[in-house]
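Structure at a glance
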Amino acid sequence: MQNLALETVAPVVESVPVPKITAKDVNVHYGEKHAIKDVSVDIPAKGVMSFIGPSGCGKSTFLRCINRMNDTIPICRVTGDLRIDGRDIYEPGLDPVLLRARVGMVFQKPNPFPKSIYENVAYGPRLHGLASNKVEMDELVEWALRRAGLFEEVKDRLKDSGTSLSGGQQQRLCIARAISVRPEVILMDEPCSALDPIATAKIEELIDELRANFTIVIVTHSMQQAARVSQRTAFFHLGKVIEEGVTDQIFMNPRHELTRNYITGRFG
Amino acid sequence: MSVLYFSLLLVMAVLAFALARGRASSGARAAAFHSRPNYHGLLAASLVAIPMLVVFVIGAILTKMIAESQALTALDPALLTDPLRRGAALREIVEVANGRFRGNPSITLQAAGDTWAYVQRVARFSIYGLGLAAGIGGLMFALRSITPDLKARNRFEWLVTVLLMICAGIAVLTTIGIVFSVVFETVRFFQKVPPMDFLTGTQWSPQTAIRADQGGSSGAFGVVPLLTGTLLISGIAMLVAGPIGLFAAIYMAEYATPRFRSTAKPVLEILAGIPTVVLGFFAALTVAPLIRGAGEYFGLSVASESALAAGLVMGMMIIPFVSSLSDDVITAVPQSLRDGSLALGGTKSETIRRVILPAALPGIVSAFMLAISRAVGETMIVVMAAGLAANLTFNPLDAVTTFTVQIKTILVGDQEFDTAKTLAAFALGFVLFFFTLTLNVIALAIIRKYREQYD
């Protein structure tokens, strides 16, 4: 079943009306390993797109290409065409540091800095000089915490350490930290995999609210989560995009056999 | 005698192990045993070894006590009131008993020596007899108690816990013993020199007059020049080692390629392995003349032995302590924090300054404190490069001296252990100990305060 001749199958890709991010024939090599093979995918603006697929299929690797986090790994080589708003993000003149201010990221494990809750959120704005005085910074921090649905819970203890929060609160703090620099895109790498169901539900609710203002790309292992939060879904398998399209259609009526097998739980 | 006894102990223990192990693993019932055969063997071996060891230790102590008191009764009781003469008499008795006494012993001394030798002989046989009995008793008991229900594993592990506890206890007791030995001598010193004179005096010249009519050796015991000398040299050393060590660590941990790091780190650690006496003559013969030459070029008067030379070389010595430990704690900061900062659009240096160094701060502080303790306690470099003159100065171009150098100077050679001069060494040692203890307490407090936020 898994040995379907992948080479003979053209990826099933639909065009997206207003793509924010376009990838064309993106390849990633980790040393000898060919991790991403000719991935082409369009990610719509102001919406949620999810990447699903079995472990090791390359979905997180591809996600990390979008804000060039793979640059920090010396043996990693990215080729192909990857554009945000039509601009090639791998062109030589582009500073990845500035790119990452526009493309925020939330990680699998909550990783608040060992600083106060306030300083965690204020970190990004300070780096980029987004607030010129204390009052503006206070407003910005409050705004970000409110957007992340955390302000009411922590408003009396902003000076406490960010690491003193519960896992779910830490992850929302990390989301607040990511949106504090007002990025255009937020990448989420399995943001709920370390959280309990209640905390997960809160994050999913939050993602649903955020999509009005941000382009969100989420990698998830939970197909239910992909179905609940995303409008579009791409299915990755062995470094390739097998099928990509409107979420409902992928889950109700997958066109590719591998997708159907994965969704019905026959492998992965 | 003890070699033979311990060989016997070992043979008995191995025998017990083999017998008990065999008994616990034989027959169809083997599967019903609570513990594995090896644990039965180990427990039996312990039951043999421990009683034999106890017999030996108690026997040795008793032998010494009885032999001494019996032998000394043959001698003049007036001798025994003075501990020094009592000790000398005992040494003579032992020499006579072993046939190593030079010259002809007196009749009483010969009698005492014979008594001593007799007690020793009797004691040796008793110890062998009792030890063997205890070992065999332990073996019988161990073999009899082997049943499927015997929790040999739990018992043996309890014994191991006790052994570990004893080792930990020895380490703690040694520390306490050292502290007390220093404290007692310090108290004796303060009976001769008032503590306030010692702690606030600005003159250090520990030569005391032997005869009343001698001049020029008044014996001033003011510790302040030594304190300033120590602080000056350690301060210079930390000015060198602090920045260089920390920056080297940041480069190694964050920027260097793995290849460079894998060669540079061991080389840097070799620097920590250079004996300080070698660094000392490097300071005295290479660095000090260089500084003197450079100083003269600029028209400064530099002592041929200067605090600067000692401080610079000492700084070199402690660079590896700062860099290696800091490198470890920086590397230990989770990658997820680096990713978090980079993903917000932080550059590498912003990430290092604002996230990694604050997160690694407790470890870096403890690295610094360890380095300072090393600097304060260092002797050889200062002896060779900074001189012995106790000048009260903060000029790094002058010769100064430190606690450790003075302790060494006072205690080198033949000494009478009841003069103020010799006792002063213990008082200095006590102050030094207190100094490093305070540093360690501060370091621990800082680590505890910041670690709470991190974990």
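Residues numbered from 1 in each chain as written. Chains lettered and ligands numbered in written order. Predicted model: local features only at pLDDT ≥ 70, side-chain atom pairs only at ≥ 80, totals over all residues. Heavy atoms only, no water.

Moving on: the overall build of chain A. In terms of helices and strands, chain A carries ten helices and ten strands. Here the C-alpha atoms of chain A give a radius of gyration of 19 Å, agreeing with the 18 Å that 2.2 N^0.38 yields for 268 residues. Seen through its C-alpha atoms, chain A measures out along the principal axes to roughly 60 × 45 × 35 Å. Expressed as a percentage of the 268 residues in chain A, the buried residues total 55%. The long-range share in chain A, meaning contacts at least 24 apart out of those at least 6 apart in sequence, stands at 68%. When the accessible surface of chain A is summed, it comes to about 11,500 Å², and 51% of that surface belongs to carbon and sulfur atoms. If you average the places of the 33 positive and of the 33 negative side-chain charges in chain A, the two averages end up 2 Å apart. (Helix = DSSP H or I, 4+ residues; strand = E, 2+ residues; numbered from the N terminus. Rg over C-alpha atoms; globule rule 2.2 N^0.38 Å. Buried < 20%, exposed > 50% of the residue type's maximum accessible area, 1.4 Å probe, protein only. Contact = heavy atoms within 4.5 Å. Areas by Shrake-Rupley, 256 points an atom, 1.4 Å probe, with all protein chains shown as cover. Lys, Arg positive; Asp, Glu negative; His and termini not counted. Charge placed at Lys NZ, Arg CZ, Asp CG, Glu CD.)

All names here are of chain B. Mapped onto the elements of the fold, R188 is located in helix 5 (residues 152-192). The class of R188 is partly exposed, set by a relative accessible area of 34%. Distance from R188 to L423, taken between C-alpha atoms, is 7.2 Å for residues 235 residues apart in sequence.

Here we take up the packing of helix 2 (residues 37-73) of chain B against helix 5 of chain B. All names here are of chain B. Their axes nearest at 8 Å, the elements helix 2 and helix 5 cross at an angle of 45°. When the interaxial angle is binned, helix 2 and helix 5 end up oblique. Helix-helix and strand crossings are classified by hand; for helix 2 and helix 5 the assignment is left-handed. Together, Y39, H40, L42, L43, S46 and I50 of helix 2 and A152, R153, R155, F156, E157 and L159 of helix 5 make up the contact between the two elements. (Axes fitted to C-alpha atoms, helices over the stretch in contact; angles between N-to-C directions. Parallel < 35°, antiparallel > 145°, perpendicular 65-115°, else oblique. Left-handed = near helix turned anticlockwise from the far one by under 90°.)

Take the interface of chain A and chain B next. When the parts of a complex come together, some accessible area is lost, and that lost area is often taken as the interface size. Counting residues at the interface gives 25 residues for chain A, matched by 19 residues for chain B. When chain A packs against chain B, close to 1,800 Å² is buried across both sides, 63% of that on carbon and sulfur atoms. When the buried surface of chain A facing chain B is broken down by residue, P114(A), Y123(A) and L127(A) rank first, second and third, together holding 31% of it. Our count for the chain A to chain B interface comes out at zero salt bridges. At the junction of chain A and chain B, the tally comes to four residue pairs in polar contact (both at pLDDT 80 or more). (Buried area = accessible area lost by both parts, 1.4 Å probe. Salt bridge = Lys/Arg side-chain N within 4 Å of Asp/Glu carboxyl O. Polar contact = N/O pair within 3.5 Å; in protein donor to acceptor, adjacent residues only side chain to side chain.)

For the rest of this paragraph, the subject is the domain arrangement of chain B. For chain B, the domain assignment lists domain 1 (2-150) and domain 2 (218-454). On a C-alpha basis, the centroid separation for the pair domain 1 of chain B and domain 2 of chain B is 49 Å. (Domains from an automatic or database assignment.)

Residue and element names in this part refer to chain B. On the surface, a nonpolar cluster with roughly 700 Å² of combined accessible area is contributed by I50, V54, V57, I58, I61, L62, M65 and I66. Residue position: V54 is located in helix 2. V54 sits in the partly exposed class, given a relative accessible area of 41%. (Patch = residues over 30% accessible without salt bridge, like charges linked within 9 Å, V, L, I, M, F, W, Y side chains within 5 Å.)

With that settled, consider the pairing of strand 1 (residues 19-30) of chain A. Residue and element names in this part refer to chain A. The pairing of strand 1 with strand 2 (residues 33-44) spans eight bridges and is classified as antiparallel. Bridging from a neighbouring strand, V26 pairs with V39 of strand 2. Turn length for the strand 1-strand 2 hairpin, with the two strands adjacent in sequence and antiparallel, is two residues, and the turn residue G31 shows positive phi of about 55°. Strand direction decides the pairing type here: strand 1 and strand 4 (residues 76-84), joined by eight bridges, are antiparallel. Each bridged residue has a counterpart across the sheet, and for Y30 the counterpart in strand 4 is C76. (Pairing = 2+ DSSP bridges.)

For the coordinates displayed, the defined rule picks out 24 salt bridges over all chains. The salt bridge partner of E119(A) is R126(A), with a shortest N-O separation of 2.7 Å. E296(B) serves as the salt-bridge partner of R292(B), at 3.8 Å between the closest nitrogen and oxygen. Placement of the pair is R292(B) and E296(B) together in helix 9 (residues 276-297), with a separation of four residues, close to one helical turn. Overlapping salt bridges, with partners in common, bring together K20(A), D85(A), R102(A) and E184(A) in one network.

This next bit is on the sheet that holds strand 8 (residues 215-219) of chain A. Residue and element names in this part refer to chain A. Taken in spatial order, the six strands make up an open sheet running 6-7-8-3-9-10, and their pairing is mixed. The sheet terminates laterally at strand 6 (103-106) and strand 10 (240-246), the two strands that pair on one side only. Taken over all neighbouring pairs, the strand axes of this sheet differ in orientation by 15° on average, direction set aside. Sheet contacts for helix 6 (residues 167-179): strand 6 and strand 7 (185-189); angle to strand 6, the most-contacted strand, approximately 175°.

Turning next to the sheet that holds strand 5 (residues 87-88) of chain A. One open sheet accounts for four strands, arranged 2-1-4-5 (chain A); its pairing is antiparallel. If you trace the sheet from one side to the other, it starts and ends with strand 2 and strand 5 of chain A, each paired once.

Here we take up the nonpolar core. All names here are of chain A. Ranked by size, the top nonpolar core spans 35 residues in total, and within it F51, F62, I66, L82, L187 and F236 carry the most contacts. If you tally residues by element for this core, the top one is strand 2, at five residues. Core analysis: the next-biggest nonpolar cluster, separate from the first, contains 34 residues, F151, I179, L206 and I216 among them. (Core = buried A, V, L, I, M, F, W, Y, C linked by side-chain atoms within 4.5 Å.)

Our next topic: unusual backbone geometry. Residue and element names in this part refer to chain A. In the Ramachandran plot, D25 falls in the positive-phi region, its phi being about 50° despite a non-glycine side chain. Within the secondary structure, D25 is located in strand 1. Overall, the relative accessible area of 40% leaves D25 in the partly exposed class. Here the phi dihedral of K46 falls at roughly 50°; this positive angle occurs in a residue that is not glycine. Looking at K46, the relative accessible area reads 53%, which means it is exposed.

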